[in-house]
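# Summary of structural features
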Amino acid sequence: MPIINSVAAMQDEVTAWRRDIHENPEILYDVHRTAGVVADKLRAFGCDEVVPGIGQTGVVGVIRGRKAASGKVIGMRADMDALPMTENTGLPYASKTPGRMHACGHDGHTAMLLGAAKYLCQTRNFDGTAVVIFQPAEEGGAGGKAMVDDGLMERWSIQEVYGMHNMPGIPAGQFAIRPGPLLAASDAIFIDITGKGGHAARPHECIDPVLVGSHIVTALHSIVSRNIDPLKSGVISICMFHAGEALNVIPATAQLQGTARTLAPEVRDLIERRVVEVAETTARLYGATAKATYERRYPVTKNHATQTAFAASVAGQVAGVDKVDTNTPPLMGGEDFSFMLEARPGAFIFLGNGSTAGVHHPKYDFNDAAIPAGISYWARLVETAMPA
Ligand code: NI
């Protein structure tokens, strides 16, 4: 049983929704237009309940099946936000807002879940309740956490929760998943170095924070290579190094910022401890001081075994079992669906986006050819988990 026929017939309509959202990207919690479009469509489809304003600008739609004997409630989540970057695709429906771009395909995620909501409202061929969840601020704003903190799971008695993300490099319409850690914990590192400024020609009277920062960056790279078990995974990337204003003035301060990614709690604990130790003691070695702050942001996206096997079987119904990779390697990217998976059992699955540019690239675009597979996955997930 591959793509559902009536879903295939929705392709042009859902593609138009997707491109409209793509043209009008909004970031973080400021997704008012997108959330408005989502809520209007859910009402027009005939959802039994449409509630905006969950987790600031999140939207929840409730669709009751033809029967309600099972008492089951399944949540399905899409993210609505774009990225603060400038699009360079040259597409006719490219972003109309410079510095804003749907470069992670959340436009496609939102359109596909809307398509599934429309199908489920029309057919209602299930015994239980489907809850469609549209969240803001996936890209760094923890919108998923905001919705969970706002009582999402309790208010609608959600028992299991599922998420989906497109994945360039996997053929369009195919799926990939794994039980256990799928995406990394994503944390932030801030290091403020204080030295002593002065004339570039009189370094002996200064404490050069640029040199200190350089040693800190180098020393931090020893954590992954020398402190972490080589069979475990960790990433430390210092991506910002700000200091100085003139080529002949030694500045007084320097700032470093970066990110750490881990898949295991003990590795996360170790990196947190070592980043602070290494940064602060390295600065002291050169007579400077450093204040290092390690902020835990998104937890590991950890798929639950039972729900992952179920999600894989549903994906197999849609794409064919040979088109579902059930042991895809974890990725060191982060994802705030992790907060929902901490609140309820569930699974996050990748949907192939074909050979497009990677996510967060200025030439990336969501692949509309994957839409029927994505909608069919959501529809079959509901119909299979809660058969009428
Ligand atoms: Ni994303």
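First things first, this report covers the structure right here in the doc. For clarity, every value in this text was computed on a predicted model and none was experimentally measured. (Residues numbered from 1 in each chain as written. Predicted model: local features only at pLDDT ≥ 70, side-chain atom pairs only at ≥ 80, totals over all residues. Heavy atoms only, no water.)

### As for the overall build of the protein
- Within the protein, the secondary structure is distributed over 11 helices and 16 strands.
- Relative to the compact-globule value of 21 Å for 388 residues, the protein shows a C-alpha radius of gyration of 23 Å, a close match.
- Structurally, the protein occupies a C-alpha span of about 80 × 45 × 40 Å along its principal axes.
- Buried residues in the protein amount to 54% of all 388 residues.
- Put simply, of all contacts in the protein between residues at least 6 apart along the chain, 82% involve residues at least 24 apart.
- Accessible area for the protein stands at about 15600 Å²; split by element, carbon and sulfur atoms hold 54% of it.
- The protein carries 34 positive and 40 negative side-chain charges, and their two centres are separated by 2 Å. (Helix = DSSP H or I, 4+ residues; strand = E, 2+ residues; numbered from the N terminus. Rg over C-alpha atoms; globule rule 2.2 N^0.38 Å. Buried < 20%, exposed > 50% of the residue type's maximum accessible area, 1.4 Å probe, protein only. Contact = heavy atoms within 4.5 Å. Areas by Shrake-Rupley, 256 points an atom, 1.4 Å probe, with all protein chains shown as cover. Lys, Arg positive; Asp, Glu negative; His and termini not counted. Charge placed at Lys NZ, Arg CZ, Asp CG, Glu CD.)

### Overview of the sheet that holds strand β8 (residues 185–194)
- If you walk across this open sheet you meet the 4 strands as β10-β12-β8-β13, and the pairing is antiparallel. Two strands lie at the open edges of the sheet, namely β10 (234–243) and β13 (289–298), each paired on one side alone. Going from strand to strand, the sheet's axes swing by 15° on average, the running direction of each strand aside.
- Two elements, β8 and β13, share 9 bridges in a ladder whose sense is antiparallel. Residue pairing for β13: Ser186 is matched across the bridge by Tyr298. (Pairing = 2+ DSSP bridges. Axes fitted to C-alpha atoms, helices over the stretch in contact; angles between N-to-C directions.)

### Notes on a nonpolar patch on the surface
- Together, Leu211, Leu285 and Tyr286 give the surface a local cluster of nonpolar side chains, amounting to about 300 Å² of exposed area.
- In this structure, Tyr286 sits in the loop between α8 (265–285) and β13.
- Judged by its relative accessible area of 33%, Tyr286 falls in the partly exposed class. (Patch = residues over 30% accessible without salt bridge, like charges linked within 9 Å, V, L, I, M, F, W, Y side chains within 5 Å. Salt bridge = Lys/Arg side-chain N within 4 Å of Asp/Glu carboxyl O.)

### A look at helix α7 (residues 209–227)
- Between its first and last C-alpha atoms α7 spans 26 Å; for 19 residues at 1.5 Å apiece the expected length is 27 Å, and the two agree.
- Along α7, the positions that sit buried rather than exposed are Pro209, Val212, Gly213, Ile216, Val217, Leu220 and Ile223. Down the axis of α7, the buried set is contained in an arc of 140°. They therefore lie on one face. Opposite the buried face of α7, at more than 90 degrees from it, the exposed residues are Thr218 and Arg226.
- Buried-residue contacts for α7 involve β8, β10, β11 (249–250), β12 (253–262), α8 and β13. (Expected span 1.5 Å × (residues − 1). Arc of directions from axis to C-beta.)

### Thoughts on the packing of helix α2 (residues 11–23) against helix α4 (residues 106–123)
- Two elements in contact, α2 and α4, have axes separated by 9 Å at closest approach and are oriented at 145°. The hand of the α2/α4 crossing is right-handed. On the side of α2, the interface is formed by Glu13, Val14, Trp17, Arg18, Ile21 and His22, while α4 contributes Asp107, Gly108, Thr110, Ala111, Met112, Leu114, Gly115 and Lys118.
- Residues belonging to the contact of α2 with α4 are distributed by class as follows: 6 nonpolar, 4 polar and 4 charged. (Left-handed = near helix turned anticlockwise from the far one by under 90°. Nonpolar A, V, L, I, M, F, W, Y, C, P; charged D, E, K, R; others polar.)

### A look at unusual backbone geometry
- Unlike most non-glycine residues, Gln56 shows phi in positive territory, near 70°.
- Mapped onto the fold, Gln56 is located in the loop between β1 (49–54) and β2 (58–64).
- On the accessibility criterion, Gln56 (55% relative accessible area) is exposed.
- Backbone geometry places Ser157, a non-glycine residue, at a positive phi of 50°.
- Take Ser157: it is sitting in the loop between α6 (152–155) and β5 (160–167).

Don't take any of this as a statement about function, it's just geometry.
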